[in-house]
Each structure stands twice: as C-alpha cells, then as structure tokens.
Amino acid sequence: MIREKPKRFFKQLVAGKNYLLRRFSFTKADRILKRSDFLRLSKTGKSIHNRYFMISYCPGCYDSNRLGVTVSKRVGNAVTRNRIKRYVREHFRLNKHDLAGNWDINVIARRDAADIDSKETNKWLHNLYRRIETP
RNA sequence: AGAGUCGUCCAAACGAUCGCUGGAUCAAUUCAUGAUCCGGAGGAAAGUCCGAACACCGCAGGGCAGGGUGCUCCAUAACGUGGAGUCACGGCGACGUGAAGGAAAGUGCAACAGAAAGUAUACCGCCUUGGAGUGUCUUCCCUGAAAAGGGGAGAUAUCUUCAGGGUAAGGGUGAAACGGUGCGGUAAGAGCGCACCAGUUCUUCGGGUGACCGGAGAAGCUAUGUAAACCCCACCCGGUGCAAGACCGAAUAGAGGAGCGUUUGAGGGCGGCCCGUUCGAGCUCCAGGGUAGGUCGCAAGAGGUGCCGGGCAACCGGCAUCCACAGAUGAAUGAUCGUUACCCGGUUCGGGGUAACUCGACCCGGGGACAGAAUUCGGCUUAUGGACGGCUCUGACC
RNA sequence: CGGGGCGUAGCGCAGUCUGGAAGCGCACUUGAAUGGGGUUCAAGGGGUCGGAGGUUCAAAUCCUCUCGCCCCGA
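Here, residues in each chain are numbered from 1, in the same order as that chain's written sequence. For naming, the first written chain is A and the first written ligand is 1, with later ones following in the order written. Where totals are concerned, whole chains, interfaces and linings use all residues; where local detail is concerned, this predicted model gives features only for residues with pLDDT of at least 70, and gives and counts side-chain atom pairs only at 80 or more. As a rule here, side-chain values come from all non-hydrogen atoms in the structure, and water together with hydrogens is ignored.

(A) Looking closely at the pattern of salt bridges. In the sections that follow, a salt bridge refers to a side-chain nitrogen of Lys or Arg positioned within 4 Å of a carboxyl oxygen of Asp or Glu. Within this structure, the stated rule accounts for 4 salt bridges. Across the salt bridge formed by R66 and D104, the nearest N and O atoms sit 3.0 Å from each other. Taken together, the positions of R66 in strand β3 (residues 66-70) and D104 in strand β4 (residues 103-109) put the pair 38 residues apart, joining distant regions of the chain. E90 is paired through a salt bridge with R93; the nearest N and O atoms lie 2.7 Å apart. Residue E90 and its partner R93 are located together in helix α3 (residues 78-95), separated by 3 residues, close to a single helical turn. Each helix is a run of DSSP H or I of at least 4 residues and each strand a run of E of at least 2, with the numbering of both proceeding from the N terminus.

If you want it as structure tokens, here you go:
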C-alpha cells in the first residue's frame, strides 16, 4: 500500500500533465488523409487567400479541426516544399485550440511562400485563421 | 609567395521544452490508446543515363528484323563501370582528353571558290606533226629611166589560227589537289630512273598474354576525307515493371441460381404487437466476379572496419570484430530558445613596422552551400560549401 | 516508375529527317502618297538558333551531357 501510493500518484500526475499537453499534439486524427476529402473541400468549401497562402475550408464530420496541406511542384523543389509544410503544420499544432468549431481546412501554398521564414509564415497564417471564425 | 594539377576527408556540435514516425515489451488485449526502451535522410538521397537482384507474363531450338557496345588484358553478379597498359592529341610540366574496329566489300556526300573534288580526265599552259594566213629572206617573171609596184616558187619564224598527237612539271582557289626535296632524263614531261626522307603492304627476327613496340629486307605500292552518313565485322540483349505481384474485401448497381409472391396480395408506412387502413410488384437467401479501401511485398548482407596472404592495381581469399543499420504512403526525420566553435564586416586596445600593412584580444552585427529516402543494390552524370595532403611550373632569398 | 514533345528576331512559326550564306507573317524605324490620320507602296534595323562539350573542312541540323516548360500512361 505504502509502496504503491507514490507510483499511482505519479501516474496520475503524468496522465494529467499529458492531458494538459495534448492540446499541442498533432496525430493522424488531426489531418485530412484521403483524396476524396480534398476533392470535397475544393468543390464545396469556401476559400480565402492572401499573397502567400490560400485556405479552403468547410465544416467537417469529426469533433475537431483537421488540417491538410497542399504545396504543388510549382512552388519549389522538394526541400522547399517540405519546409513550407512543416511550418504550416507547426503553426496549426500550436494554435488549433484557439480555433473554434470542427473545420476541415486545406492550406494551399502559393509561389511566394517559398521566400518567407517561419515567423512570417505564422503571421500570415494567423491572419487567415482569424478570418475563418469571423467571415 | 603566386599559378596550376591530382587525391583524401567532413557535411557544425551540445543542452532544454514542445512535437512527428518505425520496432520491441508492458498495460486482461486483436484493433485503438497510453507508458518505457531502442532507431529515424545524403554525398550526391537529385537527374533517371546504364547494369543487376526480385516479381509476373512468354519461351523446344535456330535465324531475320530492331537496339546497344566497339584499342588490349584483367576485375566484377553484371555494366556503357573500374584497374593496369598501348596508341593519338593537348599542355613547358605535374597531368588531362579520347564512341580509339573496318574507307584495300559496296553505296552516298564534299556548299562557295577552283581547270579539276576522287573514275582520273576535259580546260589553260608546255612540246610536237600537218594545213592555212602573215612577216622576213633568196630567186625568177612582168611594168618602169630609177625609186618602187604586182605575180610565182622555195626557205624560215620568240607571229596568228585550225586539226591531230604527247604530257600531267606549272594553274588567283580551297579544309583537302593523287608522296616531298635534289640530280639525271626528255621534244616537252612524268617514280620514268637514282639518292635521301615520309607512309603503305608483305616477309622475317627479337620483346610482350595482348593492343603494340624495336630491328632487317623486299615491292615504286603512294591508295583523299567522312562510318557521332547508310553499311560491313565481332560481341551482347525475350517483354514489362513494386501502381511488379499475392491476399482480404464494404456499400450501391447489374448479371446468375433457389424460394415466396403479382385482385387467393410478397413486402413496406401509420412510435411496440394484433385488428384495421393505406401504398401496390417485387421481396428474401445463396455462391461468385469485381470497385473503393486495407494487409503483405517492405527492410540483416553482392555489408562496414582491422589484420594476414595473392595481385602493379581494380579486386579476390582467409581470420577476427562491429552493427543488426530509416521505412513514410496527402507522404515522418522538425520547430523554438540558449551556449560553444567556424567565416565575414566594423569599433576599441596591445605588439611589430617610417608607412602601406600584419598578428593577437574584447565587444557589436551578419552568415553557413547543394539538396529530402519512396522496392533494393552497383555505377555514371550533374549541383555544391569547406579542410588537409602529394606533385608540377614561375619568381625571390639563403 | 515509364513514355513523348517543345525551346530559332519583341510575338507566332518554317528551316533539323537528307550538315554548306539564317528565313516568313505581324510588330518596329525611315521615306513616299494625304491638309492630317488610317490603308497602300518602297527601303531598312533587329537573332550567342536554351546552355556546355564533341564529331566534321564546316553544326540551328549529327552525337553526349545539362537547363527550363508542357503533355500522356499505369
């Protein structure tokens, strides 16, 4: 009994901590994975854009927001495209809890997005996400 | 010190926080989820230019067509790759480059210029024979006092022209002109002959596994270039590619079979059941093909390091040792902060120097290339930041 | 993973197979014609043939490598 107590306490602590920190996780449930979902978004979703990104979104059928990233070959080589996708995912991971609702969001990078760094990316994406909530 | 050339190595490191992803173990446990531990991009992962492994399809054997390769020997699972050499070319040199078989099997092409572009011949030219013309000379005849004129014959020519023959020495060209120079020779010339030089073919000797190299002799043999033009010769190649291929397999629709039904009403609606009412021709089951989707293929050897032996080397053999070494699939391998190291620029300080400048320290600011596995290996090619070493040439000093 | 096409003057194209002086149309400049403009006529300028290397006497054309753009199949 005495020996078990701290262990259980520790376990609960870890679980609670993880519950708190899970708001920053980014698993497969948080992503759009199927081509049909992307096609549905481009067909029926609304779209907004600025000079670096375009976002098409519509209400999803899950209980949380989901993200898909589209960076075409036109934007740059594989290294550039991977970097943009990482920036976009990182921004979504750190800010998705501030976004109300259960949207399916597809972020499409435009050609100028190859030239900006992570801080600029965060700035312009934040701008766009705010316009989702208040159309 | 400068310029160059060849080769080897590295691809910033560490910590904290938050994430992503594969495997193993545990949580009653297959999935899902969570915890712990271990692992998570490159020298080119790139281009996809070659070669193989692997999978399926085809296939008795041989040939044609088509494609590829092309100095020699060796290495290799294989290669268009590599190593060692040969030859040619470039470079003062270190060294580099080379699709480097055959033009004497045949066909095609060689613009412009030029006489002519591959058969050796036509043109100009040179020489020669003959004819005609013209000029000159000699001689004869006629006219005339003479000068001179006319006509005939013969000879001759640094002349003109026509016809025949010889010749390939010479020919503003051209990328390239059928060996070069000299002497002889000739009517003029010509490898026509001779000497030397260059090449080709053949014979032979020596070295080398061989490509080839060196020497001797013979034949006047002199034959253009182009095969990354067709082609010939030798050798190699069955096709398609992990979206290969194997397995599981929903909903809907259609096809097949069986059963029950079509005023003797299957089945459905009117909250559950019966009655009732209403709609009115299909409904239920079976097995199979097959789509979306999913699982496997899919991550441990043509492996690295060291020593020994063979080989000039590429490489091969043996022993020891190290790892078990990324496996995603809208596609992971990251983000933020801090510290240190490196490079660049600047301020200040100190040392050296007349100065230009150089060396060291602190601080501030900035920078870090090319580039992302997609079935797996061996190469090639291309892109790109730096460090170190060998060698060559030039200059200065000792 | 595999296959195909294109790159020539500011623009659109021919020439590439079969190597031999870089062309056509529009556009541009100048001149004529008109009172002026348009139309028309005449003359003219403008091209490292995407880049590098090679074969050849000679390359837009042949060969190799490379850059960019576009398309197709599974």
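(B) Spatial organisation of the nonpolar core. Here, nonpolar core refers to any group of buried Ala, Val, Leu, Ile, Met, Phe, Trp, Tyr and Cys residues whose side-chain atoms link them within 4.5 Å. The classification of residues rests on relative accessible area computed with a 1.4 Å probe and restricted to protein chains. Under 20% of the type maximum is buried, over 50% is exposed, and intermediate values are partly exposed. Of all hydrophobic cores here, the largest spans 23 residues; its most connected members are F53, I55, L67, I84, I105, V107 and Y129. Within the residue set of this core, elements represented by two or more residues are β2 (53-59), α3, β4 and α4 (118-133). Looking at which element gives the most residues to this core, the answer is α4, with 4 residues. Filtering out sequence-adjacent residues up to four positions away, L67 remains in contact with F26, D30, R31, I32, V88, R89, F92, I105, V107 and Y129. Throughout, a residue-residue contact means that at least one pair of heavy atoms, one from each residue, lies within 4.5 Å.

(C) How the structure looks around the pairing of β2. Burial runs high along β2: 5 of the 7 residues are buried. Strands were regarded as paired on the criterion that DSSP finds at least two bridges between them. Here strand β1 (residues 46-49) hands over to β2 after 3 residues, the two strands then running antiparallel side by side. Bridge count between β2 and β4: 7 bridges; the pairing is antiparallel. Bridge assignment links F53 to a residue of β4, and that residue is A109.

By themselves these figures say nothing about function.
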